[in-house]
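Each chain, written out:
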Amino acid sequence: MSSTSLLRAWAQIDTDAIRHNLNVVRRVMADHAMMAIIKAEAYGHGLEGVARALDDEDCAFYGVATIAEAARVRDAHCKTVPFILGPCFPEEREVIVQNGWRTAVASMEEAEHFNSLGQLYGKPVHVHICVDTGMGRSGFLPTELHGLTERLRQLPHLHLEGIFSHLSAASEDITFTHQQIDSFKEAVNELSATYAYEYRHLCSSAAMFNYKVPSANMVRLGRLLYGYSPMPSPYNKELKPTMTLFSRVTIVRTLPGNHGVSYNHCYITKYSTRVATIGIGYADGYLQYLSNKGSRVYVNGQYCPVLGRITMDQIMVDVSYLEQEVRPGDVVEIMGPHVSWEELTVRAGTIPSNVLTSISARVPRIYV
């Protein structure tokens, strides 16, 4: 019996494809260090599985959002150091210092507290200075940068390792993105006037193939790592898909004409219809926004339309015209080579990251 034979739904993760995508970026940006973003379950792929798959790929850091995610990297016995991308609560800073994790600093209060914790534990605290170049989320404003490096260097337990910022509209507003790139260059020049920061990073997946940032020497790979580029690029064709989401047929029935399907009867059969129920729903991450949007799945070599509203644990599809008989247990491709992220993204009216990160913990990840 195979490892998936009793599963109702599962995600198959191609770790070779993830490593391939990392190395596509590494070839294009050979003079840049790589930060692999594995927050939010590695964009739905499973944090520990992806962290282990990339741990021999010489990434500078693993980008995470919380200390809980950083702890999972540690507990997976990975040698790559977690970098916590956003602000942390004061109560969380002690564990960061104890573990030697990298962290963003966006205020003098944070810097002074980290320095006192470094003194308490006798450890250097490696920090990256966050600069707000237009995201409006966190960071020192450009008007606050003059003399900042000198003030921070007076805190002896801080190791000033990097400078970074976030682009807010790289795939939508080219003019403003160039303004942010210029602002980041000015910030790097200001902060680096009397001290050499090892890492300088601005570009995420939406920017790295399409913008030049001479003041940066590291990039943060999110969606690109998982096979999707947010912007057109000649390099996109080299990226490989990394996940296929599967489910199984649980029951097949013939419904008469004028029969409602799913909640509120958003779909009513026009004639006798062969309907297969499939064991995946919005609690698994198949977004309810896909209801009545022309969504489809791939069964036995053919496309089948989804009927009616997506329910928590199941969906119904029309299999009336399949050439091959559909039976309970048949494997169904929900997302993959035949039903892409892009298709689901457009039909759900959302963004690719939402499609991926919605895949819930009850869907096992199978690494191949």
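Anything mentioned here points back to the structure above.
Residues numbered from 1 in each chain as written. Predicted model: local features only at pLDDT ≥ 70, side-chain atom pairs only at ≥ 80, totals over all residues. Heavy atoms only, no water.

(A) A look at the layout of surface pockets. There is about 890 Å³ of room inside the largest pocket. Lining the largest pocket are 35 residues, and of these Lys 39, Tyr 43, Leu 167, Ser 204 and Arg 223 sit closest to its centre. Of the pockets and cavities examined, the second largest pocket occupies roughly 270 Å³. The wall of the second largest pocket is formed by 16 residues, among which Met 29, His 32, Met 208, Tyr 211 and Lys 212 lie closest to the centre. (1 Å grid on protein atoms, 1.4 Å probe; cavity = no way out; pocket = protein on both sides within 12 Å on 5 of 7 lines; lining within 4 Å. Points joined across faces, edges and corners; volume = space filled by probe spheres on them.)

(B) Just the nonpolar core, in detail. If you look at the biggest cluster of nonpolar residues, it comprises 117 residues, and the most contacted ones within it are Ile 38, Ile 129, Tyr 286, Val 297 and Ile 315. Sort the elements by how many residues they give to this core and helix H8 (residues 174-191) lands first, with five residues. In this structure Ile 129 touches Val 105, Phe 140, Leu 148, Leu 152, Leu 160, Gly 162, Ile 163, Phe 164, Leu 191 and Tyr 197, once residues within four positions along its chain are discounted. Formed by five residues, the second largest nonpolar core is a distinct cluster that contains Val 261, Val 275, Leu 307 and Met 316. (Core = buried A, V, L, I, M, F, W, Y, C linked by side-chain atoms within 4.5 Å. Buried < 20%, exposed > 50% of the residue type's maximum accessible area, 1.4 Å probe, protein only. Helix = DSSP H or I, 4+ residues; strand = E, 2+ residues; numbered from the N terminus. Contact = heavy atoms within 4.5 Å.)

(C) Examining empty space enclosed by the protein more closely. A full pass over the atoms with the stated rule returns three cavities of 30 Å³ or more. Looking at the largest cavity, its volume works out to about 60 Å³. Leu 245, Gly 285, Tyr 286, Leu 287, Leu 290, Ile 334, Met 335, Leu 344, Val 355 and Ile 359 together form the lining of the largest cavity. By residue class, the composition of the lining of the largest cavity is nine nonpolar, one polar and no charged. (Nonpolar A, V, L, I, M, F, W, Y, C, P; charged D, E, K, R; others polar.)

(D) Inspection of the side chain of Glu 161 at higher detail. Structurally, Glu 161 is set in strand S7 (residues 158-164). Discounting chain neighbours no more than four positions away, the residues touching Glu 161 are Phe 61, Arg 102, His 126, Val 127, His 128, Tyr 197, Glu 198 and Tyr 199.

(E) Layout of the pairing of strand S17 (residues 331-335). The buried fraction of S17 amounts to four of the five residues, a majority that puts the element mostly inside the structure. As defined by bridge partners, strand S10 (residues 243-255) adjoins S17 across four bridges and the pair is classed as antiparallel. Looking at S17, one finds that Arg 248 is bridged to Val 331. Strand direction decides the pairing type here: strand S14 (residues 296-299) and S17, joined by two bridges, are antiparallel. Residue pairing across strands places Val 299 opposite Val 332, the latter belonging to S17. (Pairing = 2+ DSSP bridges.)

(F) Up close: unusual backbone geometry. With phi around 55°, Glu 41 is a residue other than glycine that occupies positive phi space. Turning to its location among the elements, Glu 41 is positioned in helix H2 (residues 39-44).

(G) The environment of Leu 6, seen in detail. One can find Leu 6 in the segment before strand S1 (9-13). Residues Leu 6 and Gln 314, spaced 308 residues apart in sequence, show a C-alpha to C-alpha distance of 16 Å.

(H) Expanded view of helix H6 (residues 108-121). Here H6 contains 14 residues, and its C-alpha end-to-end distance of 20 Å stays within 8% of the 20 Å for a straight helix at 1.5 Å per residue. Three or more residues of H6 are buried, namely Glu 110, Ala 111, Phe 114, Asn 115, Leu 117 and Gly 118. In a view along the axis of H6, the buried residues occupy a sector of 165°, so they form one face of it. In H6, the exposed positions that point more than 90 degrees away from the buried face belong to Gln 119 and Leu 120. Here the buried face of H6 lies against helix H5 (93-99), strand S5 (102-105), strand S6 (125-130), helix H7 (148-153) and S7. Looking one or two residues beyond H6, the residue adopting positive phi is Gly 122, at roughly 65°. (Expected span 1.5 Å × (residues − 1). Arc of directions from axis to C-beta.)

None of this, on its own, says anything about what the molecule does.
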